[in-house]
Amino acid sequence: SLMELTLYLDHGSKIPLYQQVYTELRAAILSGLLLPGQRVPSTRSLSRSLGISRTTVTQGYEQLLTEGYLEAQHGTGTFVCHQLPDELLHTEKITTLRKAISSPIRLSHY
C-alpha cells in the first residue's frame with residue numbers, strides 16, 4: 001500500500017522540506033520501495049499525511065517529474081517512471097577497438 005511508505009522529514013533542518021520530500025521519494029524509488037509503474041500518492045493526500053503544505057509536496061514532485069523519476073498522466077495520477085534516469089547512467093560494456101579487430105592494422109611508412 002502507498003500509505004505504508006514512510007517519509008522522514010526533519011522540520012528543524014536547514015534543508016527545505018520540499019527537498020527532503022524529493023530526497024525521500026527518490027531514495028524510495030531507487031531502493032525499489034516504489035516500483036516502476038507504481039502510482040504515488042496525490043500531492044493532497046501526501047501533504048495531509050505528512051502535515052505539510054500541498055505546495056511543499058508539489059515542489060518535491062515537480063523536481064522528480066523534471067528529472068524523470070515520476071511521470072504524470074492527466075486524469076489518472078502520478079507514477080514512477082518505467083525507465084529511471086539513474087539506469088541511463090549505467091551503460092553496457094563496449095568491446096574495445098583492439099579486441100574488435102582480429103588482425104593488427106598496418107600503417108604505411110609514409
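Numbers given for residues are sequential positions, taken from 1 along each chain in its written order. Restriction of local features to residues with pLDDT of at least 70 applies here, the model being predicted, together with a cutoff of 80 or more for giving and counting side-chain atom pairs; totals for whole chains, interfaces and linings are based on all residues. Side-chain calculation: all heavy atoms of the structure are included, whereas hydrogens and water are not.

A. Representation of helix 1 (residues 17-31). The helix and strand labels rest on DSSP assignments: H or I over at least four residues marks a helix, E over at least two residues marks a strand, and numbering proceeds from the N terminus. By this rule, a helix spans an expected 1.5 Å times one less than how many residues it contains. Between its first and last C-alpha atoms helix 1 spans 21 Å; for 15 residues at 1.5 Å apiece the expected length is 21 Å, and the two agree. Burial classification: accessible surface area is computed with a 1.4 Å probe over protein chains only, and a residue below 20% of its type maximum counts as buried, one above 50% as exposed, and the rest as partly exposed. When we look at burial in helix 1, the residues that qualify are Q20, V21, Y22, L25, A28 and I29. Against the buried residues of helix 1 lie helix 2 (43-50), helix 3 (54-67), strand 2 (70-73) and strand 3 (77-80). Looking at the residues trailing helix 1, positive phi occurs at G32, about 90 degrees. Note on definitions: a residue-residue contact is assigned when non-hydrogen atoms from the two residues lie within 4.5 Å.

B. Broad picture of helix 3. A rise of 1.5 Å per residue sets the reference length of helix 3, with its 14 residues, at 20 Å; its end C-alpha atoms lie 20 Å apart and thus fit the reference within 8%. Among all positions in helix 3, only T56, V57, G60, Y61 and L64 are buried. In an axial view of helix 3, the angular spread of the buried residues amounts to 135 degrees, which keeps them on one side of the axis. Exposed side chains of helix 3 directed beyond 90 degrees from the buried face belong to T55 and T66. Against the buried residues of helix 3 lie helix 1, strand 1 (39-40), helix 2, strand 2 and strand 3. Looking one or two residues past helix 3, G68 carries a phi angle of roughly 90 degrees, positive in sign. Read the arc as the range of directions from the helix axis to the C-beta atoms.

C. Region of interest: the sheet that holds strand 3. Pairing between strands requires that DSSP locate at least two bridges from one strand to the other. Here we have three strands laid out as an open sheet, ordered 1-3-2, and antiparallel in their pairing. This sheet does not close on itself; its edge strands, each paired only once, are strand 1 and strand 2. Two elements, strand 1 and strand 3, share two bridges in a ladder whose sense is antiparallel. Residue R39 lies in a different strand from strand 3, and its bridge partner there is F79. Packing against the sheet, helix 3 makes contact with strand 1, strand 2 and strand 3, and its axis sits at approximately 100 degrees to strand 2. To obtain each axis, a line is fitted to C-alpha atoms, and for helices this fit is confined to the stretch in contact; angles are then taken between N-to-C directions over 0 to 180 degrees.

D. Looking closely at the packing of helix 2 against helix 3. Running from N to C, helix 2 and helix 3 cross one another at 120 degrees; their axes reach a closest spacing of 8 Å. In terms of axis orientation, helix 2 runs oblique to helix 3. Considering how the two elements wind past one another, helix 2 and helix 3 form a crossing that is right-handed. Each of T43, R44, L46 and S47 in helix 2 lies in contact with helix 3, whose residues at this interface are R54, V57, T58 and Y61. Lys, Arg, Asp and Glu make up the charged group, whereas Ala, Val, Leu, Ile, Met, Phe, Trp, Tyr, Cys and Pro make up the nonpolar group; the residues left over, Gly among them, are polar. Looking at the contact of helix 2 with helix 3, its residues break down into three nonpolar, three polar and two charged. Angles are sorted into four bins: roughly parallel if under 35 degrees, roughly antiparallel if over 145, roughly perpendicular if 65 to 115, and oblique for all others. Crossings are sorted by hand: turned counterclockwise from the far helix by less than a right angle, the near helix makes the crossing left-handed, and turned clockwise it makes it right-handed.

E. Spatial organisation of the nonpolar core. L25, I29, L34, Y61, L70 and V80 are the most contacted members of the largest nonpolar core, which totals 19 residues. Residue assignment for this core shows that the elements contributing at least two residues are helix 1 and helix 3. For this core, the element with the highest residue contribution is helix 1, accounting for five residues. Excluding residues that lie within four positions of it along the chain, Y61 makes contacts with L25, V40, P41, S42, T43, L46, L70 and T78. Throughout, nonpolar core names a set of buried Ala, Val, Leu, Ile, Met, Phe, Trp, Tyr and Cys residues whose side chains join them through atoms within 4.5 Å.

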